[in-house]
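# Geometric and topological summary
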Amino acid sequence: MAESNGIDPNAVPSGPGCLECDASGGWWFHLRRCAQCGHIGCCDASPAQHATAHARASGHPLIRSFEPGESWFYDYRDEQMYDGPQLAPPEYHPLDQPVPGPAGRVPPDWQDHLH
Ligand SMILES: [Zn+2]
Ligand SMILES: [Zn+2]
């Protein structure tokens, strides 16, 4: 991973859930955080894949897991996983937020909608 390229440790998360899913009433499986601007988006297994969409649209190359207990980074440029620096808190979504989430918006057949 290029030195600090694509990482701003001071960028705070955009919110507790996927920014676009929260705007559109969607739901997600796991959450990813843009390491550069703090955008929270849903993972590639989620129906809408907003984390990858954000990386493509913004050119921000690195995401970090926004799941409790996970601290890995992923670099879209070489498609590799890395360790990275600590980022501005919170480092994961609220513990009372279910997976998949958020509460009330996940359909009963959610597993059929995963990628
Ligand atoms: Zn989303
Ligand atoms: Zn970003």
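Okay, so let's go over this structure. (Residues numbered from 1 in each chain as written. Chains lettered and ligands numbered in written order. Predicted model: local features only at pLDDT ≥ 70, side-chain atom pairs only at ≥ 80, totals over all residues. Heavy atoms only, no water.)

### Side note on the side chain of Q97
Among the structural elements, Q97 can be located in the segment after β5 (80–82). Among the polar contacts made by the side chain of Q97, one reaches the main-chain carbonyl oxygen of P16 at a distance of 3.0 Å. Ignoring any residue separated from it by four or fewer positions in sequence, one finds Q97 in contact with P16, G17, W28 and L31. (Helix = DSSP H or I, 4+ residues; strand = E, 2+ residues; numbered from the N terminus. Polar contact = N/O pair within 3.5 Å; in protein donor to acceptor, adjacent residues only side chain to side chain. Contact = heavy atoms within 4.5 Å.)

### Considerations on the coordination of the zinc ion (ligand 2)
Here the zinc ion (ligand 2) is held by C34 (SG), C37 (SG), H54 (NE2) and H60 (ND1), and the distances to it run 2.0 to 2.3 Å. Taken together, the 4 donor atoms coordinating the zinc ion (ligand 2) and their angles of 102 to 113 degrees define a geometry best described as tetrahedral. Ordering the donors of the zinc ion (ligand 2) by residue number gives the pattern C-x2-C-x16-H-x5-H. Of the two residues, C37 is situated in the loop between β1 (31–34) and β2 (40–42) and H60 in the loop between α2 (50–58) and β3 (62–65); the sequence distance between them amounts to 23 residues. Residue classification places H60 among the buried positions, given a relative accessible area of 17%. (Donors = N, O, S within 2.8 Å, 3.2 Å for Na, K, Ca; no water. Tetrahedral: all angles 85-135°; square planar, octahedral: opposite > 155°, others 65-115°. Buried < 20%, exposed > 50% of the residue type's maximum accessible area, 1.4 Å probe, protein only.)

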